[in-house]
Amino acid sequence: KLLRFFFIGTLSAFGALFLELALEVISSPTPIVHSALPTSVTPLMLSAIIIEEGIKYIILKKILQSLSSKFIFSSIAFAAGFGLTEIAFIFFSTPVFSYYFLTGILILHFLTIGWAAMILQLYYYSNSRLVPLFTLFIMIIIHLGYNGLIVYSFSTGTVYVYLIISSLILLLTSHLSRTAS
């Protein structure tokens, strides 16, 4: 059953890639050649982040609605499918990459999905319209922070410290929210 959510993650990554490429074609009259990593955070990059995180949020919310009891394991399988598929896209299309960068991408997707899963579970019965916006905002900020560190050539160590601190904050917040309820 978890394999199903892995494949849903894979299909979601393909959907995000399709939308990102369509946006790129529409927004740029000349073809963009991807020979290396971008050198700045651009509106197109921000749009790609919003597309990826929006798709992950929508699918994650559907997973929670369909099976709340196995939500965490399903979310992990979903994150693995999405993250590994994005890694495959990069590995086969970009001549410049490092294994640390690819590992960081996988950690990033586990992290953003982990935050979304925690917030969605906490506010599952809430009718507040702010919950989806807050969840997406957190996901986008984490992803944008990661991309910004990569784009502006921060050291691998700095990127991993960012991912570790973000993960620790997620674990602490998750623990505190469980003990408070």
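The structure under discussion appears in the preceding block.
Reference entry: report on the structure contained in this document.

About the criteria used
- Residues numbered from 1 in each chain as written.
- Predicted model: local features only at pLDDT ≥ 70, side-chain atom pairs only at ≥ 80, totals over all residues.
- Heavy atoms only, no water.
- Core = buried A, V, L, I, M, F, W, Y, C linked by side-chain atoms within 4.5 Å.
- Buried < 20%, exposed > 50% of the residue type's maximum accessible area, 1.4 Å probe, protein only.
- Helix = DSSP H or I, 4+ residues; strand = E, 2+ residues; numbered from the N terminus.
- Contact = heavy atoms within 4.5 Å.
- Axes fitted to C-alpha atoms, helices over the stretch in contact; angles between N-to-C directions.
- Parallel < 35°, antiparallel > 145°, perpendicular 65-115°, else oblique.
- Left-handed = near helix turned anticlockwise from the far one by under 90°.
- Nonpolar A, V, L, I, M, F, W, Y, C, P; charged D, E, K, R; others polar.
- Salt bridge = Lys/Arg side-chain N within 4 Å of Asp/Glu carboxyl O.
- Polar contact = N/O pair within 3.5 Å; in protein donor to acceptor, adjacent residues only side chain to side chain.

**Section: the nonpolar core**
Point 1. In this structure, Phe101, Ile105, Trp115, Tyr146 and Leu163 are the most contacted members of the largest nonpolar core, which totals 20 residues.
Point 2. Among the secondary structure elements, those contributing two or more residues to this core are α3 (71-93), α4 (99-122), α5 (130-151) and α6 (156-180).
Point 3. Considering every element that reaches this core, the biggest residue donor is α4, with eight residues.
Point 4. Of all hydrophobic cores here, the second largest spans 15 residues; its members include Phe5, Ile63, Ala79 and Leu120.

**Some details on the side chain of His109**
Point 1. Take His109: it is sitting in helix α4.
Point 2. Apart from residues lying up to four places away in sequence, His109 is in contact with Glu52, Lys56, Ala79, Phe82, Gly83, Glu86 and His143.

**With respect to the packing of helix α1 (residues 2-27) against α3**
Point 1. Contact geometry for α1 and α3: axes closest at 7 Å, N-to-C directions at 40 degrees. Here α1 is positioned oblique relative to α3, judged by the angle of their axes. Note that α1 runs across α3; the crossing there is right-handed. Where α1 approaches α3, its residues Leu2, Phe5, Phe6, Ile8, Gly9, Thr10, Ser12, Ala13, Phe14, Ala16 and Leu17 are matched on the opposing element by Phe73, Ser74, Ala77, Phe78, Ala80, Gly81, Phe82, Leu84, Thr85 and Phe89.
Point 2. Across the contact of α1 with α3, the residue classes break down as 15 nonpolar, six polar and no charged.

**A closer look at the pattern of salt bridges**
Point 1. Applying the stated rule across the entire model yields one salt bridge.
Point 2. The partner of Glu53 in a salt bridge is Lys56, with the nearest N and O atoms 3.1 Å apart. A residue pair is termed a helical-turn pair when its members lie 3 or 4 positions apart in one helix, as Glu53 and Lys56 do in helix α2 (residues 43-66) at three residues. We note that Glu53, like Lys56, is buried.

**Observations concerning the environment of Tyr160**
Point 1. Structurally, Tyr160 can be placed in helix α6.
Point 2. Taking the relative accessible area as the measure of exposure, Tyr160 reaches 18% and is therefore buried.
Point 3. Taking the C-alpha atoms as reference points, Tyr160 and Ala80, separated by 80 residues in sequence, lie 18 Å from one another.
Point 4. Apart from residues no more than four positions distant in its own chain, Tyr160 is found in contact with Tyr100, Thr103, Gly104 and Ile107.
Point 5. A polar side-chain atom of Tyr160 sits 3.5 Å from the main-chain amide nitrogen of Gly104.

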